[in-house]
Amino acid sequence: MTTLPVAPLTQCLTLAAKDLRLERRAGEAMLVTAPFGAVALLLAPLAVGTDTPLLRQRGPALYWLVVLLFGVLVTMRASAVEGPAQLAMLRLAGVGPRVRLAGRAVANGVLLLGFQLVLAPVAVLLYDPDLTGWPWVLPVFVLVAAGLAVLGALADALAVGLAGRTTLGPLLVAPIAVPLLLGATGVVQAAGYGRSPWPWLLLVTTVDLVAALLAAWCARYLEDLA
Amino acid sequence: MTPLITPPGPVFGRRLPLVVGVAAAAGVTAAVLSPPDVVQGDLVRLLYVHVPAAWTAFLSYGVTFAASLGWLWRRRPGMDRLAAASAEVGVFFTALAITLGSIWGRPTWGVWWTWDARLVTTALMLFIYLGYLALRRATPDPLDRAKRSAVFGVVAFAQVPLVHFSVVWWRTLHQPPSVIRPGGPTMDPSMLLVLLGNAVVFTLLYVLMVRARARMAATEDALDEAQDAHPGPLAGDAVSAPLLATARSENTDV
């Protein structure tokens, strides 16, 4: 009996589907972290002041801040941990470290996109922001989700098996992911003022590409961490 | 009784501390004797410490980056120790640069802190390398620790050019580069000489600190290895298992 080799893309998508299935069963990202993010959106005005014009102006920035900080928690979810036996099985099945990291990043990206889409109406409802130029936000959703997903997958791989994984991961990711925050808020502001948001989109895209290249380069070094 | 490890000698060495001490005295003297700035007055003397501290921080992270790459390539423990020592010293110099900049900023800008691109990116760089040190501390196994931190040491360095070029790419309150720039330095030669002299002093101080820290790490590693080779008594060693099948217990307990 001969077995046909499975293409890396198929392996990657299969792993991502496995991660999403596990997350659907656990419900950590959508049933715990997303409501927690909504609570943060609700609490922020109580700290900075419930001034409606101010919140209308600053609401999008608060939204992206919550997406960045809580999005890291989505990428560090408990269901994104493979035990030594699962890792051994994947290695024996010929799944390479880059494919594993890419599969994790794809699953992270899908979950983060869902996370953003769940929180966006909450932010609109609470802050009533000016929605001028809102179509520009759509590519930002995708690009921010992609960048944060790759950085989160990388941090998750670095912190896997450590006692402080869920606290260490955000410390590793959040400072590096700041250009994503700047880019996302910059696009929203530029679109609101009628300026071209292309430079900010370019910034976010560049961060995504650099993160992807770094992740692809270092994946093999993270092979036997568990 | 024979010691488990041989002490490697003085941690700081013998000659380098003397050299650093003399150089530091010369640097301080030059900073005190240098002329005051036309605009800033005596406040300019703070910059003779702030700027070299920032440069040394960049040097530290550059060494961490190179040593991390070196470890990934050759897997030599010395590279890991060098990367870690340099990152620790880099965090110290970054914090020093931020603190001194803040002290300088209060009388000059009127605030201790401002939301300037250079300041914010430098603070982020500090937190990234604090994360690097936290990652090391969280990993007990030496090989795992070296691998994780080497990868993060390379990834983290992506922030360093961002900090350096932040004053060029954004409109900032912080002044643009005045020494390493196209067209040459904009400083008065006498001030530039003092600044460069202090940069040399800080570099020597960096070498001294990194060497000492790397030696301490080597001693710690040797101690760990020696303890692994000759394990001492464990907490539970003194406790013996109860005898369950003695004749008396059969008669009394059952």
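Residues numbered from 1 in each chain as written. Chains lettered and ligands numbered in written order. Predicted model: local features only at pLDDT ≥ 70, side-chain atom pairs only at ≥ 80, totals over all residues. Heavy atoms only, no water.

Peer 1: What is the right way to read the overall build of chain B from this model?
Peer 2: A tally of helices and strands in chain B yields eight helices and zero strands. Seen in sequence order, chain B has helices and strands lined up from the N terminus as α-α-α-α-α-α-α-α. Whereas a compact globule of 254 residues would reach a radius of gyration of roughly 18 Å, chain B reaches 26 Å, over 25% beyond that. With the C-alpha coordinates aligned to their principal axes, the bounding extent of chain B is approximately 100 × 40 × 35 Å. Considering only contacts within chain B whose residues lie at least 6 apart along the sequence, 75% involve residues at least 24 apart. Between the averaged position of the 20 positive side-chain charges in chain B and that of its 16 negative side-chain charges there is a distance of 10 Å. (Helix = DSSP H or I, 4+ residues; strand = E, 2+ residues; numbered from the N terminus. Rg over C-alpha atoms; globule rule 2.2 N^0.38 Å. Contact = heavy atoms within 4.5 Å. Lys, Arg positive; Asp, Glu negative; His and termini not counted. Charge placed at Lys NZ, Arg CZ, Asp CG, Glu CD.)

Peer 1: I keep staring at the overall build of chain A and nothing clicks. Help me out?
Peer 2: Counting secondary structure elements, chain A contains nine helices and zero strands. Taken from the N to the C terminus, the helices and strands of chain A come in the order α-α-α-α-α-α-α-α-α. Across the 226 residues that make up chain A, the buried fraction comes to 49%. For chain A, the proportion of contacts with a sequence separation of at least 24, taken over those separated by at least 6, is 84%. Of the charged side chains in chain A, 14 are positive and 11 negative, and the gap between their average positions amounts to 6 Å. (Buried < 20%, exposed > 50% of the residue type's maximum accessible area, 1.4 Å probe, protein only.)

Peer 1: When you look at the packing of aromatic side chains in this model, what are you seeing that I'm missing?
Peer 2: The description of two aromatic rings rests on the distance between their centres and on the angle between their planes. This model, assessed by the stated rule, comprises 13 aromatic pairs over all chains. Taking the centre distance of 4.9 Å and the plane angle of 80 degrees together, the rings of F36 of chain A and F70 of chain A count as edge-to-face. Residue F36 of chain A is located in helix 2 (residues 28-48), and its partner F70 of chain A is located in helix 3 (residues 52-75); the two are separated by 34 residues in the primary sequence. Accessibility expressed as a relative area gives 46% for F36 of chain A, which makes it partly exposed. Taking relative accessible area as the criterion, F70 of chain A reaches 12% and is therefore assigned buried. Where F93 of chain B meets F202 of chain B, the ring centres are 5.7 Å apart and the plane angle is 55 degrees; that geometry is what we call tilted. Taken together, the residues F93 of chain B in helix 3 (residues 77-109) and F202 of chain B in helix 7 (residues 189-229) connect sequence positions 109 residues apart. Residue class for F202 of chain B comes out buried when judged on its relative accessible area of 9%. Residue placement shows R74 of chain B over the ring face of W73 of chain B; its charged tip is 4.3 Å from the ring centre. (Phe/Tyr/Trp six-rings, centres within 6.5 Å; stacked < 30°, edge-to-face > 60°. Lys NZ or Arg CZ within 6 Å of the ring centre and 35° of its normal.)

Peer 1: Explain the packing of helix 3 of chain A against helix 6 (residues 137-159) of chain A here, please?
Peer 2: The angle between the axes and the distance between the axes are what describe a pair of packed helices. Residues and elements named next belong to chain A. Closest axis-to-axis distance for the helix 3/helix 6 pair is 9 Å, and the angle between their directions is 40 degrees. In terms of crossing hand, the pair formed by helix 3 and helix 6 is right-handed. Seen from helix 3, the contacting residues are Y63, W64, V67, L68, G71, V72 and T75; seen from helix 6, they are V137, V140, F141, V144, L148, A149, G152 and D156. Of the residues in the contact of helix 3 with helix 6, the class split is 11 nonpolar, three polar and one charged. (Axes fitted to C-alpha atoms, helices over the stretch in contact; angles between N-to-C directions. Left-handed = near helix turned anticlockwise from the far one by under 90°. Nonpolar A, V, L, I, M, F, W, Y, C, P; charged D, E, K, R; others polar.)

Peer 1: How should I be thinking about the confidence of the model for chain A in this particular structure?
Peer 2: It should be kept in mind that the predicted coordinates are not to be read in detail where pLDDT is low. In the predicted model, chain A carries a mean pLDDT of 90, and the fraction of residues at 70 or more is 98%. Across chain A, element-level confidence peaks in helix 5 (residues 97-127) of chain A with a mean pLDDT of 95 and bottoms out in helix 4 (residues 84-92) of chain A with 86. (pLDDT = per-residue confidence, 0-100.)

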